[in-house]
Amino acid sequence: MVKRAITLGGGGPAAGLHIGVLEALAEDKIEFEVWALSCIGAWVGIVYHVYNTFDKNQTRAKLTYKFFRDGVFRDDESYEHFPINRAFAPDFGSNIRALREFVTDPDSYSDFRWQPEKIVEYVRSLLKDKPSVNWSEGDLYRWILNEVMAPNPFIRYLTSMMYLSKVNGLSRINYPNSEFMKSIEFEKLKDLAPHVFHNAWNLDNQQLALFSNHPFKNKNKEYEYVDFIDARTLCACSALPYIEETVEIDKFTYCEGALVDTVNFQSLLEEHGDLEEVWISRIVDSHQIRKPENLVDAQSNLCQLFAATVGEDDVKLFKYHVVERGWKGKVVEIHVPAHINFKWNHSNLGNSRTLGYLAAKQAIAADRAGRGKTVNGVLFINNDPTGDPKWLELRDQYYPHLRRAAEQHEIMSLDRLEEKVRGGLDRR
């Protein structure tokens, strides 16, 4: 039996791509003994293994899809005017405590004084040095910021309350005792044969931490190894600073590790040097970034631009290092198309799932056809799928159907649409 590993990278609202990828791989009975996960890839990979009622009429991929559809993503109509996913709960308790501490701290009022001399000084310098200056819109707004708002004690107080109180995230997902988190039966991971692990960044030790369902054997000093996975570790691996609150585990504070190491390549090969194949599902790339139309889009771009860059670079570095270290094996890349957005709504989840399915089918076909290149004993499969006419045909053929379904809010008929997609694949 071939020993394979799969890496599921981060990408937040692009989670459906991973689900579609796993669905296609399972259909072709491609199994993995090692799962290297980060951020949303950890959520998908862990839910895929444990959120399973063992209903014979349901596949793991379908159960995973339902978990995200009902527990994380929001229906299109609601999302239109409430663009927040279902799992991002505000931490009202901590926020109230932080604001109460701020307003009752005497030091918060130490700078509570008017500074009119700064305004006068600035205006005088303008009249003296530039009597005929023509102010632009930017000059005016800059003057308001620095010479009107900054010297005003009330505005300074409100600004410091907003930015300097002990509120460290817009939302919180780390509620281990919530019904949402308890629905993920983490204990089942201990009985799994595959080695499943995910990362997070230890902010105290400034070190990447790896959380696993089985003990690690070949430990590298560069990493912190923790032989368990639970609700806290899963929340920690997706605690993107500013977006999500950090997570404390055993007196250490953790945040997302995906932007440090997207898919744990170094630890993957050090721990499992006998791997014969590594399949890569990296769901974010720079071609998916769209021109922002509002603050929600801008915030998504802030996250995804970094994720795309780090992910692309990590894959390139991995290819370089496996050749340099003399590893003999096969690397199969699953390239997902850019026809998605970063909205936490049902349309995006469904579209992503179908496109991920198509991408995996294309990668599987490329693997079976041996379309790749060997470099110093390492076989790289599907390095550039844009050279595959069938992939371009499938991508361009089915995306218009997906787009129309999303616009008409008909994404709930996804099963019917998937039948068309699979029919098209089977005919080829």
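Reading guide: rules and limits
- Residues numbered from 1 in each chain as written.
- Predicted model: local features only at pLDDT ≥ 70, side-chain atom pairs only at ≥ 80, totals over all residues.
- Heavy atoms only, no water.
- Helix = DSSP H or I, 4+ residues; strand = E, 2+ residues; numbered from the N terminus.
- Buried < 20%, exposed > 50% of the residue type's maximum accessible area, 1.4 Å probe, protein only.
- Contact = heavy atoms within 4.5 Å.
- Areas by Shrake-Rupley, 256 points an atom, 1.4 Å probe, with all protein chains shown as cover.
- Phe/Tyr/Trp six-rings, centres within 6.5 Å; stacked < 30°, edge-to-face > 60°.
- Expected span 1.5 Å × (residues − 1).
- Core = buried A, V, L, I, M, F, W, Y, C linked by side-chain atoms within 4.5 Å.
- pLDDT = per-residue confidence, 0-100.
- Salt bridge = Lys/Arg side-chain N within 4 Å of Asp/Glu carboxyl O.
- Axes fitted to C-alpha atoms, helices over the stretch in contact; angles between N-to-C directions.
- Parallel < 35°, antiparallel > 145°, perpendicular 65-115°, else oblique.
- Left-handed = near helix turned anticlockwise from the far one by under 90°.
- Nonpolar A, V, L, I, M, F, W, Y, C, P; charged D, E, K, R; others polar.
- Polar contact = N/O pair within 3.5 Å; in protein donor to acceptor, adjacent residues only side chain to side chain.
- Pairing = 2+ DSSP bridges.

Enquirer: Teacher, can you tell me more about the overall build of the chain here?
Expert: Along its length, the chain carries 15 helices and 13 strands. For the chain, buried positions account for 52% of its 428 residues. Within the chain, counting contacts between residues at least 6 apart in sequence, those at least 24 apart form 73% of the total. As displayed, the chain has an accessible area near 21,800 Å², and 54% of this comes from carbon and sulfur atoms.

Enquirer: What is the right way to look at the packing of aromatic side chains in this model?
Expert: Each aromatic ring pair is summarised here by two numbers: the centre-to-centre distance and the angle between the ring planes. With the rule as written, the count across this model stands at 16 aromatic pairs. Judged by centre distance (5.9 Å) and plane angle (80°), the rings of Phe-32 and Trp-35 are edge-to-face. Judged by its relative accessible area of 7%, Phe-32 is buried. By relative accessible area, Trp-35 is classed as buried at 5%.

Enquirer: Can you walk me through helix α3 (residues 60-71) in this structure?
Expert: Between its first and last C-alpha atoms α3 spans 16 Å; for 12 residues at 1.5 Å apiece the expected length is 16 Å, and the two agree. All of the buried residues along α3 are Ala-61, Leu-63, Thr-64, Tyr-65, Phe-67, Phe-68, Arg-69 and Gly-71.

Enquirer: Is there a simple way to think about the nonpolar core in this case?
Expert: A general feature of soluble globular proteins is that nonpolar side chains tend to end up buried together. Residues Leu-25, Trp-43, Ile-46, Phe-68 and Ile-184 are the most contacted members of the largest nonpolar core, which totals 72 residues. Tallying contributions element by element places helix α13 (residues 346-369) first for this core, with 9 residues. Counting 26 residues, the second largest nonpolar core, distinct from the first, contains Leu-210, Leu-275, Val-322 and Val-331.

Enquirer: Where do I start with the confidence of the model for the chain in this structure?
Expert: Any segment with low pLDDT has predicted coordinates that should not be analysed in fine detail. Here the chain shows a mean pLDDT of 85. Residues at 70 or above account for 86%. Low pLDDT (under 50) marks residues 405-418, which in the prediction has 22 contacts with non-local residues, meaning those over four places away or in another chain. Here residues 421-428 is a poorly scored stretch, pLDDT under 50, and it has 17 contacts once near neighbours within four places are set aside; other chains count.

Enquirer: Sorry if this is basic, but what is going on with the pattern of salt bridges here?
Expert: If the charged atoms of two oppositely charged side chains come close together, the side chains can form a pair. Under the defined criterion, the tally for this structure stands at 17 salt bridges. In this structure, the salt-bridge partner of Arg-368 is Asp-28, at a minimum N-O distance of 2.9 Å. With a gap of 340 residues between them, Arg-368 in helix α13 and Asp-28 in the loop between α1 (15-27) and β2 (34-37) connect regions that are remote in the sequence. Across the pair Asp-367 and Lys-330 runs a salt bridge whose closest N-O atoms are separated by 2.8 Å. A residue pair is termed long-range when its members are at least 10 positions apart, and Asp-367 in helix α13 and Lys-330 in strand β11 (residues 330-335) qualify at 37 residues. Asp-367 sits in the buried class, given a relative accessible area of 16%. One network of salt bridges, with partners in common, ties together Arg-4, Glu-277, Lys-330 and Asp-367.

Enquirer: Whenever I open this one, the packing of α1 against α13 confuses me. Can you help?
Expert: Helix-helix packing is characterised by the crossing angle of the two axes and by the distance between the axes. Where α1 meets α13, the closest approach of the two axes is 6 Å, and the angle between their N-to-C directions is 40°. As judged from the angle between their axes, α1 and α13 are oblique. Here the hand of the crossing between α1 and α13 comes out right-handed. Each of Gly-16, Leu-17, Ile-19, Gly-20, Val-21, Glu-23, Ala-24, Leu-25 and Glu-27 in α1 lies in contact with α13, whose residues at this interface are Leu-349, Ser-352, Arg-353, Leu-355, Gly-356, Tyr-357, Ala-360, Lys-361 and Ile-364. Looking at the contact of α1 with α13, its residues break down into 10 nonpolar, 4 polar and 4 charged.

Enquirer: Looking at this structure, I do not really get the side chain of Asn-301. What am I missing?
Expert: Relative to the elements of secondary structure, Asn-301 occurs in helix α12 (residues 295-324). Within the structure, Asn-301 has its side chain in polar contact with the backbone oxygen of Arg-290 (distance 2.8 Å). In contact with Asn-301, not counting residues within four places along its chain, are Ile-289, Arg-290 and Pro-292.

Enquirer: Looking at this structure, how should I read the environment of Phe-154?
Expert: Along the chain, the position of Phe-154 falls in helix α8 (residues 153-164). Residue Phe-154 is classed as exposed on the basis of its relative accessible area, which comes to 54%. Separated by 43 residues in sequence, Phe-154 and Asp-111 place their C-alpha atoms 9.8 Å apart.

Enquirer: Any chance you could explain the packing of α3 against α13 here in plain terms?
Expert: One can describe the packing of α3 onto α13 by two numbers: an axis separation of 10 Å at closest approach and a directional angle of 160°. By the criterion of interaxial angle, the relationship of α3 to α13 is roughly antiparallel. The crossing of α3 and α13 is right-handed. Residues Lys-62, Tyr-65, Phe-68 and Arg-69 of α3 pack against His-346, Leu-349, Gly-350 and Arg-353 of α13.

Enquirer: So what exactly am I meant to see when it comes to the pairing of β11 here?
Expert: The side chains of a regular strand alternate between both faces of the sheet. Within β11, 6 of the 6 residues are buried, which leaves it mostly tucked inside the rest of the structure. Both strand β10 (residues 277-282) and β11 contribute to a ladder of 6 bridges, which runs parallel. The partner of Arg-282 across the bridge, within β11, is His-335. Judged from the 3 bridges that link them, β11 and strand β13 (residues 378-381) form a sheet pairing that is parallel. Note on β13: the bridge partner recorded for Val-332 is Ile-381.

Enquirer: What's the story with unusual backbone geometry in this structure? I'm lost.
Expert: Working note: non-glycine residues mostly have negative phi, and peptide bonds are mostly trans. Despite not being glycine, Cys-39 has its phi angle at roughly 50°, a positive value. Tracing the backbone shows Cys-39 in the loop between β2 and α2 (40-50). The phi angle at Tyr-242 is positive, at roughly 80°, despite the residue not being glycine.

Enquirer: Can you help me understand the pairing of strand β9 (residues 252-255) in this one?
Expert: Pairing between strand β4 (residues 195-202) and β9: 2 bridges, direction antiparallel. Bridging from a neighbouring strand, Asn-202 pairs with Tyr-254 of β9. What sits between strand β8 (residues 247-249) and β9 in their antiparallel hairpin is a turn of 2 residues, with Asp-250 showing a positive phi close to 50°.

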